[in-house]
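Analysis of the macromolecular model
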Amino acid sequence: MAYRWTNTLTRADTTPQSAFLNRRQLMAGAAAGAGLAALGGPALAATDEGLKPNSWEEITNYCNFYEFGTSKTDPAAHAGAMTTAPWSVMIDGLVDRPGAYDLGDIVDNMTLEERIYRFRCVEAWSMVIPWTGFELADLLDMVGVQEGARYVAFETLNRPEEMPGTNYPVLDWPYREGLRLDEARHPLTIMATGLYDRPLPNQNGAPLRLVVPWKYGFKSVKSIVRITLTKDEPFASWNQVNAREYGFYSNVNPTVDHPRWSQATERLVGGGLFSRRQLTQMFNGYGDEVAALYEGMDLAKQF
Ligand SMILES: Nc1nc2c(c(=O)[nH]1)N[C@H]1C(S)=C(S)[C@@H](COP(=O)(O)O)O[C@H]1N2
Ligand SMILES: [Mo]
């Protein structure tokens, strides 16, 4: 299904400048000898060290994608078997134009850009990742969200013949995650299609994955085949496994520990085990942009 759609907003209308670093800006700035912190603004300047993206090797060889096994290296070893073309995404539930959308048609109608985001896993490691993607809000506008929709549910491909990990009942497959609609519409929430200006590798969730930089990594559902607008809070895979350990919101919060380990600090992957442990920031450093979404909520209870 081809659906033509034009974005009438520019990035400047929708995205706080401090919220992301355009990769080209970064390169241009570096070339001109400008300080990176000056370009970064508050969201990223808080961890200046974090501005340097992790290498392609690090990002593509230290992955969580349990459909291919539970070790960090399993996805790089086994995800190559996943067929990602053609790829269609079923968009349904409370939308005006439900249907099976071909990914090529979706991408043709989106504004693709590069954004360097800090990434924080609930296992207390982190990376800095240069994604290519488009805003989820633009996709939601394309299909038309109906009144009454309050959440967005996401579902990963479930294809046992190409995904050896799904033969084990680690999770209730397919992998599923959800966001509240205002979180989904936030300009920092993107659907990634690439990494370092290259197509997304399978192990990182090709051809389409969610990226929500102020939440723990497990909210970033990979290889998405279905997006459903719902009235009620959707099923979330890790929340279902252990609700005490994994809440629906999963906002990065150094003051709320995982029951089995602290969330106060993180190890930046790639710089040596001890030298680069750093303090974790509330909302992963994106608090200026997103704290308002949670006003009035007790984040120790709704974690
Ligand atoms: N389908 C699917 N999506 C997933 C996961 C998974 O096991 N299956 N793991 C999550 C977790 S725990 C993390 S930390 C991130 C890791 O993304 P990366 O491997 O690209 O770093 O993917 C998330 N998305
Ligand atoms: Mo994770």
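Looking at an unreviewed UniProt entry, the protein carries the name Protein-methionine-sulfoxide reductase catalytic subunit MsrP, with the source organism given as Antarcticimicrobium sediminis. As stated in UniProt under Subunit (unreviewed entry), the record for the protein gives "Heterodimer of a catalytic subunit (MsrP) and a heme-binding subunit (MsrQ)." Of the protein, the UniProt comment under Sequence similarities (unreviewed entry) reads exactly: "Belongs to the MsrP family."

Remarks on the overall build of the protein
When you go through the protein residue by residue, the secondary structure sums to 10 helices and 12 strands. When each of the 303 residues of the protein is scored for burial, the buried share is 58%. Long-range pairs, those at least 24 residues apart, make up 72% of the contacts in the protein with a sequence separation of at least 6. Split by element, the accessible area of the protein, about 12,600 Å² in all, is 54% carbon and sulfur.

Brief notes about helix 7 (residues 136–143)
By the criterion of burial, helix 7 is predominantly enclosed, with seven of the eight residues buried. Those residues of helix 7 that sit buried are Leu136, Ala137, Asp138, Leu139, Leu140, Met142 and Val143. Downstream of helix 7 by a residue or two, Gly144 has a phi angle that is positive, lying close to 75°.

Let's talk about the UniProt feature "binding site: Mo-molybdopterin" (unreviewed entry) in the protein
Within the UniProt annotation, "binding site: Mo-molybdopterin" (unreviewed entry) is assigned to Tyr66, Glu67, Cys121, Thr156, Asn204, Arg209, Ser220, Val221 and Lys222. From this annotated list, the subset lining the second largest cavity comprises Ser220. Along the chain, the position of Cys121 falls in the loop between strand 3 (113–120) and strand 4 (125–135). On the basis of relative accessible area, Cys121 is assigned to the buried category, the value being 5%.

Quick notes on the rules
- All residue numbers refer to positions counted from 1 along the written sequence of the respective chain.
- Throughout, the order in which chains and ligands are written sets their labels, letters from A for the former and numbers from 1 for the latter.
- Confidence filtering applies because this is a predicted model: local features only for residues at pLDDT of at least 70, side-chain atom pairs given and counted only at 80 or more, and all residues used for totals across whole chains, interfaces and linings.
- Computation of side-chain values: all heavy atoms of the structure, hydrogens and water removed.
- UniProt positions are given in the numbering used here, feature names are shortened, and annotations may be inferred rather than shown by experiment.
- Runs of H or I in DSSP of at least four residues are treated as helices and runs of E of at least two as strands, each being numbered from the N terminus.
- Each residue is placed in one exposure class: buried if its accessible area under a 1.4 Å probe, protein chains only, is under 20% of its type's maximum, exposed if it is over 50%, and partly exposed if it falls in between.
- Contacts: residue pairs with any heavy atoms within 4.5 Å of one another.
- All accessibility values rest on the Shrake-Rupley procedure with a 1.4 Å probe; residue burial counts only the protein chains present in the view.
- In this analysis, the protein atoms alone were mapped onto a 1 Å grid. Cavities are point sets where a 1.4 Å probe fits without being able to get out; pockets are open sets with protein on both sides within 12 Å along at least five of seven lines; lining residues have an atom within 4 Å of a point.

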